[in-house]
Amino acid sequence: MTAEAAGVLLDYSKNRITNETLSLLIQLAEGSGLRSRIDAMFRGEKINVTEKRAVLHVALRAPKDASIVVDGENVVPQVHAVLEKMAGFSKSIRTGEWKGHTGKRIRNIVNIGIGGSDLGPVMAYEALRHYRDRSLAFRFVSNVDSTDFAEAVRDLDPAETLFIVSSKTFTTLETMTNAHSARAWSLEALGGDESSIAKHFVAVSTNASEVAKFGIDTANMFGFWDWVGGRYSMDSAIGLSTMIAIGPENFRTMLDGFHQIDEHFRTAPFERNIPVLMGLLAVWYTDFFGAETVAVLPYEQYLKRFPAYLQQLTMESNGKHVTLDGAEIAYPTSPIYWGEPGTNGQHSFYQLIHQGTRLIPCDFIAFGTSLNPLGRHHDILMANVFAQSEALAFGKTSDQVKAEGTPEWLAPQRVFEGNRPSNTILADRLTPEVLGKLIALYEHSVFTQGVIWQINSFDQWGVELGKVLAQRIIPELETAAEPELGHDSSTNALISRYRHLKESA
Ligand code: F6P
């Protein structure tokens, strides 16, 4: 039970499945219309029905000569035009040709964004640190908590700092609040001269009019399109900070990695199709075993933000309770994704995975070589990843424990029941190309799961209510006069208490 695509191996043999299970799961995929749904996505059909949009992150990495038509227009040339513009800009920053308002070269890049406009750039920056230009400093500001901004810029010289305001809508409260604070911070240091904005702010957005309203010249805007979902956008212009960090060539090889897996997903038979197999296994444990979570455990330090990135990709996509037609769903949908890099997790939560009462399928991710070879480290790291999946699968019986001389009374504590499932994803080493492949595998696994659950993996209505309520509460916290509060008693009391804390501070 292994599958291989574009040099990436999936070993899925340590799962609670037989060949019969697999063939039944594949029948489930076929019966759910997975093949036609894949084709519809790649053809640019508006499969995001609730937002009436095509879902075309695959076009972001399509080769120049490809043709993908949306509303009568081939979008591939537009994609490549933006990539060219990004490459030109990245080069001018990397060579020092782009100067700040005072004539100093840019040395600090601060990406301001949240959700898909932050998690992808942060993850890719960490994942590809090895390939980055070390003469530039990169920071990421996402939280509306002012500490995030304050700590990010504390040691930076505004004359050498470029802000990339990344927001698909350019209306997101957190991002716009941070962007306005950045603008004030920059202007104050640069003598209040509004013309300095053009040298220290660029935007990545689909909303040119809001970008202009903010004061950024749309010549310094890098566009993308409504058919790119936020959590599927790290390979669009949202990846501008990534491109500046690793250079346009490396960025292009990352796109090529994505594309290789896109082609694999589009064309490989389901029984050899890695994202399909990964998706089916997720459905298997979620719906047939009641597993509530999946642990993603990269044995590669550079992937330390990969689980956080996957949380938005998986849970904002498939955390849904109604079908595409709006019918209430009677089965569990997206599991909770979480994880930490190995081997750290082994000395923390693995206890529960090995001996707890819950079933937690694991994805181990590992590489043949380290980017920082040092003595025996990599062999020790890899021995650990192989040992963990072996221990989870085969465990240790009471007889084995006793045969080692463990006293009868202690034996139950030392038994590992085994039969705990895991996948191992193995590739040669973490290059930009391999990172692209890895992300695409998960993107398409999420798609596979969504098709089987008959849900729309591309909207996110569940984030709306909190946003609306926050807008109602903000004036109630800011007004000097005691507001008339009309919430529930708990919320009213919390607001009053906060106002009191604020007054007495
Ligand atoms: O959290 C909701 C969400 O819409 C995400 O889907 C998106 O990635 C994020 O907000 C940021 O949105 P924007 O890029 O428009 O600022």
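Up top is the structure.
As a further point, take the packing of helix 10 (residues 248-267) against helix 16 (residues 432-453). Two elements in contact, helix 10 and helix 16, have axes whose closest approach is 7 Å; the angle formed by their N-to-C orientations is 35°. In this structure, the crossing between helix 10 and helix 16 has a hand that is right-handed. Across the interface between the two elements, Asn250, Thr253, Met254, Asp256, Gly257, Phe258, Gln260, Ile261, Asp262 and Phe265 of helix 10 pack against Pro432, Glu433, Leu435, Gly436, Lys437, Ile439, Ala440, Leu441, Glu443, His444, Phe447 and Thr448 of helix 16. Tallied by class, residues from the contact of helix 10 with helix 16 come to ten nonpolar, seven polar and five charged.

Take the sheet that holds strand 5 (residues 108-112) next. The pairing of strands in a sheet comes from backbone hydrogen bonds and takes either a parallel or an antiparallel form. In spatial order, the strands read 6-5-7-8-9; together these five strands make up an open sheet with parallel pairing. Of all the strands in the sheet, just strand 6 (137-141) and strand 9 (221-223) have a single pairing partner and so form its edges. Between one strand and the next, the sheet's axes are offset by a mean angle of 20°, whatever the strand orientation. Contacts from helix 3 (residues 76-95) reach strand 5, strand 7 (161-166), strand 8 (201-205) and strand 9, with the element oriented near 145° to strand 9.

Close to the ligand lie 13 residues; Gly116, Ser117, Ser167, Thr169 and Thr172 are nearest. The contact in question runs from an oxygen atom of the ligand to an N or O atom on the side chain of Gln312, over 3.2 Å. In the complex, the protein chains occlude 86% of the 390 Å² of accessible area that the ligand would expose alone.

Take the nonpolar core next. Ranked by size, the top nonpolar core spans 116 residues in total, and within it Trp227, Phe306 and Leu435 carry the most contacts. Excluding residues that lie within four positions of it along the chain, Trp227 makes contacts with Ala54, Val55, Leu56, His57, Ala59, Leu60, Val70, Val75 and Val79. Core analysis: the second largest hydrophobic core is formed by 22 residues, Val110, Phe201, Phe214 and Ile216 among them.

Below, the discussion takes up the pattern of salt bridges. Following the criterion strictly, the structure yields 24 salt bridges and no others. For Glu433, the salt bridge goes to Lys437, with nearest N and O atoms at 3.3 Å. Note that Glu433 and Lys437 are positioned in helix 16 at a spacing of four residues, about one turn of the helix. Residue classification places Lys437 among the buried positions, given a relative accessible area of 6%.

The rules behind each value
Residues numbered from 1 in each chain as written. Predicted model: local features only at pLDDT ≥ 70, side-chain atom pairs only at ≥ 80, totals over all residues. Heavy atoms only, no water. Axes fitted to C-alpha atoms, helices over the stretch in contact; angles between N-to-C directions. Helix = DSSP H or I, 4+ residues; strand = E, 2+ residues; numbered from the N terminus. Left-handed = near helix turned anticlockwise from the far one by under 90°. Contact = heavy atoms within 4.5 Å. Nonpolar A, V, L, I, M, F, W, Y, C, P; charged D, E, K, R; others polar. Pairing = 2+ DSSP bridges. Near = heavy atom within 4 Å. Polar contact = N/O pair within 3.5 Å; in protein donor to acceptor, adjacent residues only side chain to side chain. Areas by Shrake-Rupley, 256 points an atom, 1.4 Å probe, with all protein chains shown as cover. Core = buried A, V, L, I, M, F, W, Y, C linked by side-chain atoms within 4.5 Å. Buried < 20%, exposed > 50% of the residue type's maximum accessible area, 1.4 Å probe, protein only. Salt bridge = Lys/Arg side-chain N within 4 Å of Asp/Glu carboxyl O.

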